[in-house]
Amino acid sequence: MPPLEYFPVIDVGPLMKGLVIGGLGIFHVFLAQFAIGGGMLLCYLQWLHMRGACRLARRFADDYFKVLVLVSFVLGAVTGVAMWFTSIQVSPRTIATMVREFHWVWATEWTFFCLEVVAGYLFYRYGPRLTDPARLQLLLLYSGASWMSLFWINGILSWQLTPGGWLETHDVWAGFFNPGFLPSLIFRTISAAAIAALAACVLVNAVGGFTREERHELVAVCARPLVAMLAMPLVGAWYLATMPADSRGWTTGGSVPMTLFLTMAVGSSTLVGLYAVVAILRQRLYVNGATATLLLALAFAATAGGEFVREGVRKPFTIREYLYSNSIARDGIGQLRQRGCATDDPYPLRDAAAYPNAQVALGAKVFRVQCSVCHTLEGMNAVCELAATWSIDQRRLNIAQLQRTKPFMPPFAGTPAEVEAVVQLIGWIRAGRPPAWEEAHDAAVLAQIGRWLDEAGTGPGDARLAATGPLR
């Protein structure tokens, strides 16, 4: 595998590329889980109606399905396409690896997605006129297809963090049924059921034609799936236990943002679960539209926190122990230390004439290759701000030994001259981008940077990973 592959570059200005993907991804996951849980809830409502256990179930199911179709078929499809399109632009090598390794799995997932769309359209078009058994069959088809879509994509996504035996064999099934597959699937299924139940509570209050007593009855029925949230602490702990030790460490204090987002996810889920179980299910309190909307907003916060953590704990990798977050192969760092990461870059710099000399321009290319997927120069998570208080020698040392500066950073994959070029780029920007900037090529400085690079090694910062050696 080549250490680095070059692709055309997308520039989103002061926005961090990862933030764009994360924002789209969180919104899409929330909608997708609503669609999956909604299908399960509709099956339950139809079953209750056929048993005579809920006189309003069929009528409400038809109203609920109209919202479900609008959200999942329109908003879900738009955000899904936008998320994958953006991911391909930002991290093409990672997506290419996922497609290469799991193309048949992905095709299977899409087959079930197509089945979900067809079943959903048929129910939307003909559901109100069908007999009860036919409605239930169609809803089971829709619900089963949507859950199977989750089943297949969950295997691919969980593989990124816990690839398991795939690292040694590159066997598709060893990667698909990885250590994180089952807890992740169960957790997402519970989340989907909870989101759909809370959305139903909102809709009960928003749809006209129901009396207060009827709304109370429907809320009590639709909230029943929330009882599954009692299993979330156990499944969540199971999922954490499957994570690599350093990734788990980010969530328990090793990384302040990861810890905060995990706290947000756990806190929001706890509040929703406690209110649902104690107030709605046990005391059978009436839930009005405002309360239901607040609970649904907390569920979104929990989803956002959980997805941020899932994405963040993979650092410094995008595919664990295989590709670093900047899409440089783990075992390719040594080669790039010899020949440089920007030497073969065929793409020109944007506004190349604005740089004062070739060294600063080289620094901009190195930044683009190694840093720009997670950082900007002067916007979100800006390198120039992060290094603002460092002396020039601190910049040289900290960049040369990135994985020691911050263990969730990948090692620097370039020559001593490229480290110095990045240092000069930061200094030039911090100085206000003057039109003239003297190049720095002190042989003693470059030799010291070389010693720092050698001292840090080519592995990730975590000693447990460094000890495992290169992988093929």
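See above for the structure.
All of these numbers come straight from a predicted model, not from anything done at the bench.

Chemist: What is the right way to read the overall build of the protein chain from this model?
Modeler: When helices and strands are tallied, the protein chain shows 20 helices and two strands. For the protein chain, the spread of C-alpha atoms along the principal axes amounts to about 85 × 45 × 40 Å. Within the protein chain, the proportion of its 472 residues that are buried is 52%. Within the protein chain, contacts between residues separated by at least 24 positions form 79% of all contacts whose residues are at least 6 apart in sequence. In the form shown here, the protein chain has an accessible surface area of approximately 20600 Å², with 66% of it arising from carbon and sulfur atoms. Both charge centroids of the protein chain, one from 37 positive and one from 32 negative side chains, sit 9 Å from each other.

Chemist: Any chance you could explain the environment of Thr318 here in plain terms?
Modeler: When you line up the elements, Thr318 lands in strand 1 (residues 317-319). Considered as a pair, Thr318 and Val204 are 114 residues apart in the sequence and their alpha carbons are 42 Å apart. Thr318 has contacts with Thr94, Gln160, Leu323, Tyr324 and Ser325, leaving out every residue within four places of it along the chain.

Chemist: Quick question: what am I supposed to make of the pattern of salt bridges here?
Modeler: Once the charged atoms of two side chains with opposite charge are near each other, the side chains can pair. Going through the model one piece at a time under the given rule, you end up with 19 salt bridges. Arg135 is the partner of Asp62 in a salt bridge, and the nearest nitrogen-oxygen pair spans 3.0 Å. Taken together, the residues span a long stretch of sequence, with Asp62 in helix 2 (residues 57-90) and Arg135 in helix 4 (residues 132-161) at a distance of 73 residues. Note on accessibility: Asp62 and Arg135 belong to one class, buried. A salt bridge links Glu420 to Arg396, with the shortest nitrogen-to-oxygen separation between them at 2.7 Å. A residue pair is termed long-range when its members are at least 10 positions apart, and Glu420 in helix 18 (residues 416-430) and Arg396 in helix 16 (residues 392-400) qualify at 24 residues. In this structure Glu420 comes out as buried when scored by relative accessible area, which is 2%. A single network of salt bridges, built from pairs that share partners, joins Arg188, Glu307, Arg310, Glu311 and Arg314.

Chemist: I would appreciate a short explanation of the packing of aromatic side chains in the present structure.
Modeler: To describe a pair of aromatic rings, you give the distance between the ring centres and the angle between the ring planes. Taken as a whole and judged by the stated rule, the model has 29 aromatic pairs. Pairing Trp152 with Phe176 gives two aromatic rings, centres 5.2 Å apart and planes at 40°, and the pair type is tilted. With Trp152 in helix 4 and Phe176 in helix 6 (residues 172-176), this residue pair connects regions lying 24 residues apart in the sequence. Classification of Trp152 by relative accessible area gives buried; the value is 14%. Between the aromatic rings of Phe177 and Phe181, the centroid separation amounts to 5.2 Å while the plane-to-plane angle is 75°, which identifies the pairing as edge-to-face. Under the relative-accessibility criterion, Phe177 is labelled partly exposed at 46%. Among the aromatic side chains, those forming a connected cluster through ring pairs are Trp147, Phe151, Trp152, Trp173, Phe176, Phe177 and Phe181. Here the guanidinium or amino end of Arg212 rests over the ring plane of Tyr286, the centre of that ring lying 4.1 Å away.

Chemist: Help me understand the packing of helix 11 (residues 256-282) against helix 12 (residues 289-312), please; the structure alone is not making it clear to me.
Modeler: The packing of two helices is summarised by the inter-axis angle and the distance between the axes. Between helix 11 and helix 12, the shortest axis-to-axis distance is 8 Å and the interhelical angle comes to 145°. The way helix 11 lies across helix 12 gives a crossing that is left-handed. Taking contact as the criterion, the partners of Met258, Phe261, Leu262, Met264, Ala265, Ser268, Ser269, Leu271, Val272, Tyr275 and Ile280 in helix 11 are, on helix 12, Thr291, Leu295, Leu298, Ala299, Ala301, Ala302, Ala304, Gly305, Gly306, Phe308, Val309 and Gly312. Here the contact of helix 11 with helix 12 is composed, by residue class, of 17 nonpolar, six polar and no charged.

Cut-offs applied
Residues numbered from 1 in each chain as written. Predicted model: local features only at pLDDT ≥ 70, side-chain atom pairs only at ≥ 80, totals over all residues. Heavy atoms only, no water. Helix = DSSP H or I, 4+ residues; strand = E, 2+ residues; numbered from the N terminus. Buried < 20%, exposed > 50% of the residue type's maximum accessible area, 1.4 Å probe, protein only. Contact = heavy atoms within 4.5 Å. Areas by Shrake-Rupley, 256 points an atom, 1.4 Å probe, with all protein chains shown as cover. Lys, Arg positive; Asp, Glu negative; His and termini not counted. Charge placed at Lys NZ, Arg CZ, Asp CG, Glu CD. Salt bridge = Lys/Arg side-chain N within 4 Å of Asp/Glu carboxyl O. Phe/Tyr/Trp six-rings, centres within 6.5 Å; stacked < 30°, edge-to-face > 60°. Lys NZ or Arg CZ within 6 Å of the ring centre and 35° of its normal. Axes fitted to C-alpha atoms, helices over the stretch in contact; angles between N-to-C directions. Left-handed = near helix turned anticlockwise from the far one by under 90°. Nonpolar A, V, L, I, M, F, W, Y, C, P; charged D, E, K, R; others polar.

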